[in-house]
Amino acid sequence: MTQIKPKLHFDVSTGLKRVLGRELITDDEVAVFELVKNSFDAGADAVHLHFGNDRIIVADNGSGMSYDDLTQKWLFVAYSSKRTERPEDDFRNVAADRRHFAGSKGIGRFSSDRLGKQVIVQSRAKGKDRQVHQLTVDWDRFEQNDRAHFESVPVAYATTAAFDLPRELANFASSMKHGTVIDIRKLRRPWGRTRILALKGSLSKLINPFGDQIDRFSIHISAPEEWADDQKLAQAAKNGGQEALTKDIVNGRVGNFIFAALQDKTTFIRVSIEGDQLNTTLTDRGELIYRIREPNPYPGLTNSGFVCEIYYLNQSAKTTFTRRVGLQPVQFGSVFLFRNNFRVYPIGEVGNDWFGFDRRKQQGYARFLGTRETIGRIDVFGSDEDFQEASSRNQGLIDTLAVQQLRRAVMEHCLKRLEKYVVPVSWADKADANTEDLSRLLTDPGRARVSAAVANLVDNDQIELLEYSRNLIDLINERSENFEESLVSLRAIAEKTGDKKLIAKLDSAERRFDELKKSEADARRVADQERQATAAATQRAETAEAAMAVERRRSHFLESIVDLDTATILNLHHQVTIYAVDIAQQIENLLSATAGKTTVPRESVLKAMEQMAFLNRKVLAVTKFASRAKFKLDSETIETDLPSFITDYIEQIARTTGSARLQIDVENEHPGLKMRFKPIDASIIVDNLVSNAKRAKASHIKFELSPIDKRGLLIRVTDNGRGLAAGTNKASIFEMGYTTTNGSGLGLYHVRQVLGEIGGSIELEENEGKKGTTFVITIVPTGKGK
């Protein structure tokens, strides 16, 4: 027979304090995080951390606590009550609709036990109290006897008229109408400069380092003993212009991160889920590449406010990051996860691969992005039911259906989407990694790669293309070898967006291209027939040329103009005929396009004239050095040492055919770069830059060739002319038709286009206070034969 006995109940030992304090929160930085989280959840605008003589103070201007709050909530172990009563115009409601909170386990108050043996809590509730309530807790008293009951240890209580804060926090104290002060004393470990700086670096990553509206929540550090060293560093940074030194300053506001600056340096993707729609925007160095919309395949994230921003760290972005932050990105971390606006620790930390980026990269190092190439932020909002942190606070999120979909969304729609642009567009051109602007993408090959990447992305019935870059995704020059490939991509994009105007442009361009190819083929056939008629003479000329080669200087050009034999004349005639027919076709196309029209858009005329001007430059180049070239001009491309070719061309051709009023020098320190290129195009680069120097009244121009990276070529071109005219838009000087002189505005445009075909780029170097102009050309072969 069962006998009913009095009910039993749990009894709590004072040892629980140690379990919830030092044994659960095993890291000092995590302990400070917990206290800052409490300030944030209390609706504070600012938190001040003060490191004084054997004490740490965490003071905030949040909603504070009344006597009832202290006795019924703060002293009630594991009870958590996060305030939700905020006015409608509170900035957090407006900016982020914060309906959830960072901590919810009711144990954050024990963080102070990790830091010190005693804690004094001062608090005044918003709109309720005129006095400040004060609690004093000696944590060591809970460890005197583990058999003692938890509630038997007394906690001292008192009231004061005002907050008691050090004089360094006097200004903040005077503005605190309400709030809480956690004063931790008898520190368990000293806090020197190194530890405070490490904490400051961590705090900069704790609360919204991406510069959103909610960054109005600020954290300030005060450490009087470090003032003298801070002032020395600040002065050194100011005098030497070394931004990185500022990261070693202890006192002051914890700086927000520099992602806004990175947006202009590299490629980044932003993915957001709004109900049943998933939106994606990809931007490259400040230029919107595309914006798309598609159905949301993640029902568990429908109401989570999911937002993901991931930045690809090219070399330029890494350099900017290191200069601004003072450490390399790999030492900072990768993609951080924020739940309800607070970091979920340790996701994103160095060595942490919670999203599986690095595991996947091991399967294809040259095809995938890993944590070393990416940095970013993911935001979700939700309750513990969907996104619950592990109790240890340093193990990430507990696995739930929403968490599984979160990981999949980040991998499939964020990282992989970023890869589908970066790998074929940026990685295809190695030099693009060191370029801060879009100059290398504004070439015909660059534009073709961007168009192909976007076309491949939108080849999906569920994806709606809302917007794309009209600057990069447009018709490229018909003479580019990428023209036909680009037409296919552009047509896919035009049909996807229903852009009838673009479709009409593509149809017209395709007709012109077909007509041009037919005319060129006819011209080559006629020229070949003429050469075949004198094959014997050509053979004799080549035999004589071979016999004389031993006596000549070994270069790409002859030292003097020899008598023009039949083969050379025919070679010259053959090439000029081809270009002349091309020019005639361009004229015919223009006349046909403008027939019956009383007005013609400037852009149409400019484009047609540009094509003719480029072909005309080829004719001039042929007539200038055809009689000296050792290679066959009709082959169009040759494979030889490019730096030597440019050097020989300048010494043997440009100097002798140029003006006596312009001295042309060349200095070649490059060990050699064998590659395929069009000699006519190489001559156009040199001739246009020389022509610019003449127009600027320069008396001297110098070409300096040197190696860059492992296989690249750097050419620095400097003249002593008048420089750029006042009011010149430096960002536009390589655009077609832009000029501030009486020139055509096509020279530098042609240079950039020609360089783009061989993996090169050109940019203007600032000559502050110096006379003349300096251009820097970078050529890094892509490995693709031209």
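All of these numbers come straight from a predicted model, not from anything done at the bench.

Enquirer: What exactly am I supposed to notice about a negative patch on the surface here?
Expert: Together, Glu 484, Asp 514, Glu 515 and Glu 588 give the surface a local cluster of negative charge. Take Asp 514: it is sitting in helix H16 (residues 500-532). By relative accessible area, Asp 514 is classed as partly exposed at 47%.

Enquirer: Sorry if this is basic, but what is going on with the packing of aromatic side chains here?
Expert: To describe a pair of aromatic rings, you give the distance between the ring centres and the angle between the ring planes. On inspection of all chains with the given rule, the structure shows 11 aromatic pairs. Ring geometry for Trp 354 versus Phe 355: centroids 5.0 Å apart, planes at 85 degrees, classification edge-to-face. One exposure class covers both Trp 354 and Phe 355, and it is buried. Among the aromatic residues, those joined into a cluster by ring pairs are Phe 321, Phe 332 and Phe 336. Here Arg 377 stacks its cationic end above the ring of Phe 338, 3.5 Å away from the centre of that ring.

Enquirer: What should I look at first to understand the sheet that holds strand S16 (residues 464-468) in this one?
Expert: Backbone hydrogen bonds are what pair the strands of a sheet, in a parallel or an antiparallel way. Taken in spatial order, the 8 strands line up as S14-S13-S15-S12-S9-S10-S11-S16 in an open sheet, and their pairing is mixed. Whereas interior strands pair on both sides, the edge strands pair on one side only; in this sheet they are strand S14 (342-343) and S16. As paired strands, strand S13 (residues 335-339) and S14 are joined by 2 bridges and run antiparallel to one another. In the sheet register, Arg 339 faces S14, and the bridge partner there is Phe 342.

Enquirer: Honestly, the confidence of the model for the protein chain in this entry has me stumped. Any pointers?
Expert: Fine structural detail should not be taken from predicted coordinates in areas where pLDDT scores are low. Mean pLDDT over the protein chain stands at 80; residues scoring 70 or higher make up 80%. Mean pLDDT across the elements of the protein chain ranges from a minimum in helix H4 (residues 91-96), with 31, to a maximum in strand S10 (residues 277-284), with 96. Overall, residues 207-215 carries pLDDT values under 50, and its contacts beyond four positions in sequence, including any with other chains, amount to 31 contacts. This model gives residues 549-554 a pLDDT under 50, and the stretch forms 8 contacts once residues within four places in sequence are excluded.

Enquirer: Teacher, can you tell me more about the sheet that holds strand S6 (residues 179-187) here?
Expert: Within the open sheet, the 8 strands sit side by side as S5-S4-S3-S6-S2-S1-S7-S8. Their pairing is mixed. Edge positions in the open sheet fall to strand S5 (156-160) and strand S8 (252-253), since each of these has one partner strand only. Relative to S6, strand S3 (residues 116-124) runs antiparallel, the two sharing 8 bridges. Directly across from Gln 122, in S6, lies its bridge partner Val 181. Helix-sheet contacts for helix H3 (residues 67-74) involve S3, strand S4 (132-138) and S5, and the interaxial angle to S4 is about 30 degrees.

Enquirer: How do you make sense of the state of the cysteines when you look at a structure like this?
Expert: Each disulfide consists of a covalent bond between the sulfur atoms of two cysteine residues. Using the criterion set out here, one finds 0 disulfides in the structure. Here Cys 308 stays unpaired: no disulfide links it, and the sulfur of Cys 414, its closest cysteine neighbor, is 3.3 Å away. Under the relative-accessibility criterion, Cys 308 is labelled buried at 0%.

Enquirer: Looking at this structure, how should I read the nonpolar core?
Expert: Nonpolar side chains in soluble globular proteins tend to end up buried together. Core analysis: the biggest nonpolar cluster contains 64 residues, and Tyr 290, Phe 306, Leu 337, Ile 378, Leu 406 and Tyr 421 have the highest contact counts within it. Considering every element that reaches this core, the biggest residue donor is helix H13 (residues 401-426), with 12 residues. Aside from chain neighbours lying at most four places away, what touches Tyr 290 is Ile 269, Thr 280, Thr 281, Leu 282, Arg 417, Val 454, Leu 457, Leu 465, Glu 467 and Tyr 468. Core analysis: the second largest hydrophobic core is formed by 43 residues, Ile 25, Phe 51, Phe 110 and Trp 139 among them.

Enquirer: Which parts of the structure should I look at to understand the environment of His 149?
Expert: In this fold, His 149 is placed in the loop between S4 and S5. By relative accessible area, which is 33% here, His 149 ends up partly exposed. Spatially, the C-alpha atoms of His 149 and Asp 11 are 7.4 Å apart, while their sequence positions differ by 138 residues. Beyond its immediate chain neighbours, meaning those up to four positions away, His 149 contacts Asp 11, Val 12 and Thr 14.

Enquirer: Is there a simple way to think about a positive patch on the surface in this case?
Expert: A contiguous patch of positive charge, built from Arg 661, Lys 694, Lys 697 and Arg 722, is present on the exposed surface. Classification of Lys 694 by relative accessible area gives partly exposed; the value is 37%.

Enquirer: Just to check I follow, could you spell out the pattern of salt bridges for this structure?
Expert: Two side chains bearing opposite charge may form a pair once their charged atoms approach each other closely. One pass over the structure, following the stated rule, counts 35 salt bridges. A salt bridge links Asp 28 to Arg 195; the nearest nitrogen and oxygen atoms lie 2.4 Å apart. A residue pair is termed long-range when its members are at least 10 positions apart, and Asp 28 in helix H2 (residues 28-41) and Arg 195 in helix H7 (residues 193-206) qualify at 167 residues. Considered together, Asp 28 and Arg 195 belong to a single accessibility category, that of buried residues. Between Glu 436 and Lys 265 there is a salt bridge, with its nearest N and O atoms 3.0 Å apart. Highlighted residues: Glu 436 in the loop between H13 and helix H14 (444-457) and Lys 265 in the loop between helix H9 (259-262) and strand S9 (267-274), separated in sequence by 171 residues. Three or more residues joined by partner-sharing salt bridges are found here, namely Asp 28, Arg 114, Arg 189 and Arg 195.

Enquirer: Help me out: how do you make sense of helix H21 (residues 679-695) in this one?
Expert: Because each turn of an α-helix spans 3.6 residues, side chains separated by three or four positions in sequence point in the same direction. Helix length check: H21, at 17 residues, gives a terminal C-alpha distance of 24 Å against a target of 24 Å (1.5 Å per residue), a fit within 8%. In terms of burial, H21 is a largely internal element, 13 of the 17 residues being buried.

Enquirer: Got a minute to help me understand unusual backbone geometry in this structure?
Expert: Among all residues except glycine, the phi angle is most often negative; among peptide bonds, the trans geometry is most common. Omega for the bond connecting Tyr 345 with Pro 346 falls within 30 degrees of zero, at 5 degrees, which places this linkage in the cis form. Position of Pro 346 relative to the elements: it lies in the loop between S14 and helix H12 (357-361). One non-glycine residue, Asp 54, lies in the positive phi region at around 60 degrees. Structurally, the position occupied by Asp 54 is in the loop between strand S1 (46-52) and strand S2 (55-60). Residues other than glycine seldom take positive phi values, yet Lys 697 does so here, at roughly 65 degrees. As for its placement among the helices and strands, Lys 697 is situated in the loop between H21 and strand S20 (700-708).

Enquirer: Explain the packing of H14 against helix H15 (residues 483-497) to me, please; I cannot follow it from the model alone.
Expert: Relative orientation and spacing of two packed helices are given, respectively, by the angle between their axes and the distance between those axes. Running from N to C, H14 and H15 point in directions that differ by 40 degrees, and their axes come no closer than 8 Å. Comparing the axis directions of H14 and H15 gives the class oblique. Between H14 and H15 lies a crossing of left-handed hand. Contacts between H14 and H15 involve Ala 448, Ser 451, Ala 452, Val 454 and Ala 455 from the first element and Ser 486, Ser 489, Leu 490, Ala 492 and Ile 493 from the second. Looking at side-chain class alone, the contact of H14 with H15 contains 7 nonpolar, 3 polar and no charged residues.

Enquirer: Help me understand the pairing of strand S23 (residues 773-779) in this model?
Expert: Note on strand geometry: in a regular strand, side chains alternate between the two faces of the sheet. Across the 7 residues that make up S23, a large majority, 7, are buried. What you see with S23 is no split at all: Thr 773, Phe 775, Ile 777 and Ile 779 on one side and Thr 774, Val 776 and Thr 778 on the other are buried throughout. In this structure, strand S21 (residues 712-719) lies alongside S23, joined through 7 bridges in antiparallel fashion. What sits directly across from Ile 715, in S23, is Ile 777. In this structure, strand S22 (residues 760-765) lies alongside S23, joined through 6 bridges in antiparallel fashion. The partner of Glu 763 across the bridge, within S23, is Val 776.

Enquirer: Sorry if this is basic, but what is going on with the packing of H21 against helix H22 (residues 747-757) here?
Expert: For the pair H21 and H22, the least separation of the axes is 9 Å and the interaxial angle reads 150 degrees. It follows that H21 is roughly antiparallel to H22 by the angle criterion. For the crossing formed where H21 meets H22, the hand is left-handed. Between H21, through Asp 681, Ile 684, Ile 685, Asn 688, Leu 689 and Asn 692, and H22, the contact on the second element is made entirely by Gly 747, Leu 748, His 750, Val 751, Val 754 and Leu 755. In terms of residue class, the contact of H21 with H22 is made up of 7 nonpolar, 4 polar and 1 charged.

Analysis parameters
- Residues numbered from 1 in each chain as written.
- Predicted model: local features only at pLDDT ≥ 70, side-chain atom pairs only at ≥ 80, totals over all residues.
- Heavy atoms only, no water.
- Patch = residues over 30% accessible without salt bridge, like charges linked within 9 Å, V, L, I, M, F, W, Y side chains within 5 Å.
- Areas by Shrake-Rupley, 256 points an atom, 1.4 Å probe, with all protein chains shown as cover.
- Salt bridge = Lys/Arg side-chain N within 4 Å of Asp/Glu carboxyl O.
- Lys, Arg positive; Asp, Glu negative; His and termini not counted.
- Charge placed at Lys NZ, Arg CZ, Asp CG, Glu CD.
- Helix = DSSP H or I, 4+ residues; strand = E, 2+ residues; numbered from the N terminus.
- Buried < 20%, exposed > 50% of the residue type's maximum accessible area, 1.4 Å probe, protein only.
- Phe/Tyr/Trp six-rings, centres within 6.5 Å; stacked < 30°, edge-to-face > 60°.
- Lys NZ or Arg CZ within 6 Å of the ring centre and 35° of its normal.
- Pairing = 2+ DSSP bridges.
- pLDDT = per-residue confidence, 0-100.
- Contact = heavy atoms within 4.5 Å.
- Axes fitted to C-alpha atoms, helices over the stretch in contact; angles between N-to-C directions.
- Disulfide = S-S within 2.5 Å.
- Core = buried A, V, L, I, M, F, W, Y, C linked by side-chain atoms within 4.5 Å.
- Expected span 1.5 Å × (residues − 1).
- Parallel < 35°, antiparallel > 145°, perpendicular 65-115°, else oblique.
- Left-handed = near helix turned anticlockwise from the far one by under 90°.
- Nonpolar A, V, L, I, M, F, W, Y, C, P; charged D, E, K, R; others polar.

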